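The residues making up each chain are set out below.
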Amino acid sequence: MEIGSKPPRANPYRFTYVYGLGLLIALVAFLGTPANPQQPASPCDSATVVPPGLVELKADCEALWDFYLGLQNQQYLNWGPDIPLLEWDGIERSYFETARVLVLSLPGLDLGGTLSSSLGDLTALETLNLSGNDLTGSIPDELGEIPRLFDLLLGDNRLTGHIPPALGQIHREGYGLRSGYLDSGPGLGVLDLSNNHLTGGIPTDLAALDVHTMDLSDNELTGPLPPALTEIPGLAKLHLGGNQLIGPIPDELGNAQDLLSLRLDNNQFDGPIPEALGNLVYLRVLDLSGNNLTGPIPPELGNIRYRNECLRSYEGVCVPPPGLSYLSLSHNELTGAIPDTLGATSLEHLDLSNNHLRGRIPDDLGLLVTLERIDLSRNELSGSIPAGLGQIREGQVCRPDPDGVRVRCRTVPGLLHVSLAYNDLSGSIPAELGALGTLESLSVRNNRLSGAIPPELAALVRLRQLDLSNNRLSGAIPDWLGTLPDLSSLDLGANLFTPPWPPNLTTPREGLVVNLPTPHVTADVSGPTYASTGLPVSLSLSVPPGGIVASVRKLTSTDTAEGTFTGDSVGVEFVSNHGGVFVFSAIVLHEDGRTFAGSSDLVVLDDIAESGFVEEILWLAEQGITRGCLRSSFCPDRPVTRGQMSAFLSRAFDLPAADDDYFDDDSGSIFEEDINRLAETGILDGCGAHRFCPDGTIRRDEMAALFFSGRHLIVSPRA
């Protein structure tokens, strides 16, 4: 029996003593043959498979054959005694010192079975690629004994068990037999174990590798992310998404200076997003979606931007940072505002949906000339849609080469997909969006948008989906909507449009699905939009001619009150003893049978009744200068910094930009521009020579009084 061949199996049949000694001798002779006629004998003794004298190649053959015998569906491979080993499917050899197997690559062949530990005997192997098969069982520890392994790809199988810590023992040494260059250090180039059923924690032993790409995504891994992984030199891609990892994202990730792609999505990470990620100046992809992250989006992420400067060099050539192109933070518990600094990046994909973000959509997002997709849906964003988004159009972006000699230009497609649905946006739809000639989908459903559909949107000839439903849009529905050539879905439901509807929408062309609002005429409900607990609020309802008021209903989260009225107008007085957002809706019947509808929101602030500045605070909220610290709270005793005050004053009086920098202590402050505007107009002076003291404070209700007393101030530039 040849060394390395499989031992004979026991005969399954039973024999009795009556067959005699002769039959026993025959049985012994029978045991010398393979028990399973379907299992082929090793071909490694064949001179056709392994030429004489190549001892190491024969050892490779035995290891490969043992692996082959453990496979299922291997009949499609051409491995056998009539074909030279180095012509077997998936095998590549060395062309240097000695003939050895350097590559075993059999991806996507539906191979079943398990991984044989004999693969560890392929000591010259540089690439092992068995991805995209149906392999089961565990990963053998012996793979860690392959000294020159550079690429280990076992992704897209059904492997189970833990990741062997022994993989951290792989060390590249000497010359790569295939490539002929001197390898520089320990570890793998690519470790891909993704899309299996691996369990347990991530071994810290993997930190000993000099790996370029580590992909452990879409498994069942648990435990924290080991900070030691961030110390891997040259780590460019770290993909751990689709597991059950827990704990905070380590601040140490900010030290992995070579990272190009970081995917930690769909785990159970919690805590804040580390500010230190802003140090990853070469990062192109950051995906933290589908976790339990809290706190604000760090403004430091805006540091990951293109800069025409040499931060490092490669073979004597300057390498500038390319800038962040993909950012997904969706489906977390993030709060606060969207940082203006994101407008300084090179984002192509921005997804901040399904969080608790508040405040306005930054105008600076209109500076993202490379942006193709933006999804800010299902947050608590307020204010208007920035007109600057209409600047993100098809065109060319030109940047200098790393050597600084030539300039390279590339075509950017422009904004393709926009979703701002399920927020608290108000105002009109910007006409500037009509300049987005490449736009394919636009959704602003479930906001408080008003006004007419801008005629400029008729230029959006590539639009496929348009959803304007559940807003307060009014006026006539334009018939050009039915002529947009690529439009397949149009939703205008739950708005205040004036009938009749265009015929090409009531009977749309084939391939166009349309949802139109229920016909009605608007009833005007007017009055304040902010109030204090314990104080009466008066609203008035005006009904178009021919209408009769059927009911006025007050809807809150806790009660419903309904009254019936007659006539063409009615006044409603309301007093609330608790804060909250109240919606007054009017149902009006017309003499021709149509229904009128109108509504008005009222935000009752629950913490200002005892303040001496109730009137001033309500005026401030009505003007939109600041609406408070929470949806129905103003926090009157909370301090306001002089820097924040400068932003409120600048917004209130719509101050022009300043030409000079007046103070020395506001450099780097996000309020620096507003502070200079105040100084130029003379509204608010500094606190000393060339000092503004932006962190100095006053109370919020005192701030309201200052605004209220200066509401009629005529601002004139300082002489």
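Report on the accompanying structure.

Reading the values: the criteria
Residues numbered from 1 in each chain as written. Predicted model: local features only at pLDDT ≥ 70, side-chain atom pairs only at ≥ 80, totals over all residues. Heavy atoms only, no water. Salt bridge = Lys/Arg side-chain N within 4 Å of Asp/Glu carboxyl O. Helix = DSSP H or I, 4+ residues; strand = E, 2+ residues; numbered from the N terminus. Buried < 20%, exposed > 50% of the residue type's maximum accessible area, 1.4 Å probe, protein only. Core = buried A, V, L, I, M, F, W, Y, C linked by side-chain atoms within 4.5 Å. Contact = heavy atoms within 4.5 Å. Disulfide = S-S within 2.5 Å. 1 Å grid on protein atoms, 1.4 Å probe; cavity = no way out; pocket = protein on both sides within 12 Å on 5 of 7 lines; lining within 4 Å. Points joined across faces, edges and corners; volume = space filled by probe spheres on them. Nonpolar A, V, L, I, M, F, W, Y, C, P; charged D, E, K, R; others polar. Patch = residues over 30% accessible without salt bridge, like charges linked within 9 Å, V, L, I, M, F, W, Y side chains within 5 Å. Areas by Shrake-Rupley, 256 points an atom, 1.4 Å probe, with all protein chains shown as cover. Lys, Arg positive; Asp, Glu negative; His and termini not counted. Charge placed at Lys NZ, Arg CZ, Asp CG, Glu CD. Pairing = 2+ DSSP bridges. Axes fitted to C-alpha atoms, helices over the stretch in contact; angles between N-to-C directions.

### Points about the pattern of salt bridges
1) Next: Under the definition given, this model contains 10 salt bridges.
2) Next: For aspartate 45, the salt bridge is made with lysine 58, and the minimal N-O distance between the two is 2.9 Å. One end of the pair, aspartate 45, is in the loop between helix 1 (20-31) and helix 2 (55-69); the other, lysine 58, is in helix 2, and 13 residues separate them in sequence.
3) Next: Classification of lysine 58 as partly exposed rests on a relative accessible area of 29%.
4) Next: Ionic pairing is found between glutamate 673 and arginine 677, a salt bridge with its closest N-O pair at 2.7 Å. Highlighted residues: glutamate 673 and arginine 677, both in helix 6 (residues 672-681), separated by 4 residues, approximately one helical turn.
5) Next: A relative accessible area of 16% places arginine 677 in the buried class.
6) Next: One network of salt bridges, with partners in common, ties together Glu56, Asp60 and Arg100.

### Side note on the nonpolar core
1) Next: Counting 120 residues, the largest nonpolar core has Trp79, Leu104, Leu191, Leu206, Met214, Leu216 and Leu481 as the members making the most contacts within it.
2) Next: It is helix 2 that contributes the most residues to this core, 7 residues altogether.
3) Next: The residues touching leucine 206, leaving out its near neighbours within four places in the chain, are Ile163, Leu167, Gly168, Leu191, Met214, Leu216, Leu229 and Ile232.
4) Next: Membership of the second largest hydrophobic core comes to 18 residues, among which are Tyr530, Val603, Val640 and Leu649.

### Some thoughts on the state of the cysteines
1) Next: This structure, assessed with the given rule, holds 1 disulfide.
2) Next: At a sulfur-sulfur separation of 2.1 Å, the disulfide partner of cysteine 44 is cysteine 61. On the sign convention where negative is left-handed, the bridge of cysteine 44 and cysteine 61, at about -85° about the S-S bond, is left-handed. Here cysteine 44, found in the loop between helix 1 and helix 2, pairs with cysteine 61, found in helix 2; they are 17 residues apart in sequence, far enough to count as distant.

### Some thoughts on empty space enclosed by the protein
1) Next: Tallied over the entire structure, the rule returns 2 cavities of 30 Å³ or more.
2) Next: Empty space within the second largest cavity amounts to approximately 50 Å³.
3) Next: Every residue lining the second largest cavity is listed: Ile385, Leu389, Leu415, Val418, Leu420, Leu433, Leu436, Leu439 and Leu442.
4) Next: Counted by class, the lining of the second largest cavity contains 9 nonpolar, no polar and no charged residues.

### A short note on helix 4 (residues 614-622)
1) Next: For helix 4, the set of buried residues is Val614, Glu616, Ile617, Leu618, Leu620 and Ala621.
2) Next: Glycine 624 lies just past helix 4 and shows a positive phi near 80°.

### Digging into a negative patch on the surface
1) Next: A cluster of acidic side chains, namely Glu231, Asp251, Glu252 and Glu275, defines a negative patch on the protein surface.
2) Next: By the secondary structure assignment, glutamate 231 is in the loop between strand 11 (220-223) and strand 12 (237-239).

### As for the pairing of strand 11
1) Next: Relative to strand 11, strand 9 (residues 197-200) runs parallel, the two sharing 2 bridges. Considered in strand 11, the bridge of glycine 200 is made with leucine 221.
2) Next: The pairing of strand 11 with strand 13 (residues 244-248) spans 2 bridges and is classified as parallel. The residue of strand 13 that forms the bridge with glycine 223 is leucine 245.

### What to know about the sheet that holds strand 23 (residues 358-360)
1) Next: The 6 strands are arranged 23-25-29-31-33-35 in an open sheet whose pairing can be described as parallel. Where the open sheet ends on each side, the last strands, each with one partner, are strand 23 and strand 35 (496-498). Sheet twist, expressed as the mean angle between neighbouring strand axes with direction ignored, is 15°.
2) Next: Bridging between strand 33 (residues 472-476) and strand 35 involves 3 bridges; their strand directions are parallel. Along strand 35, the bridge assignment pairs serine 474 with leucine 496.

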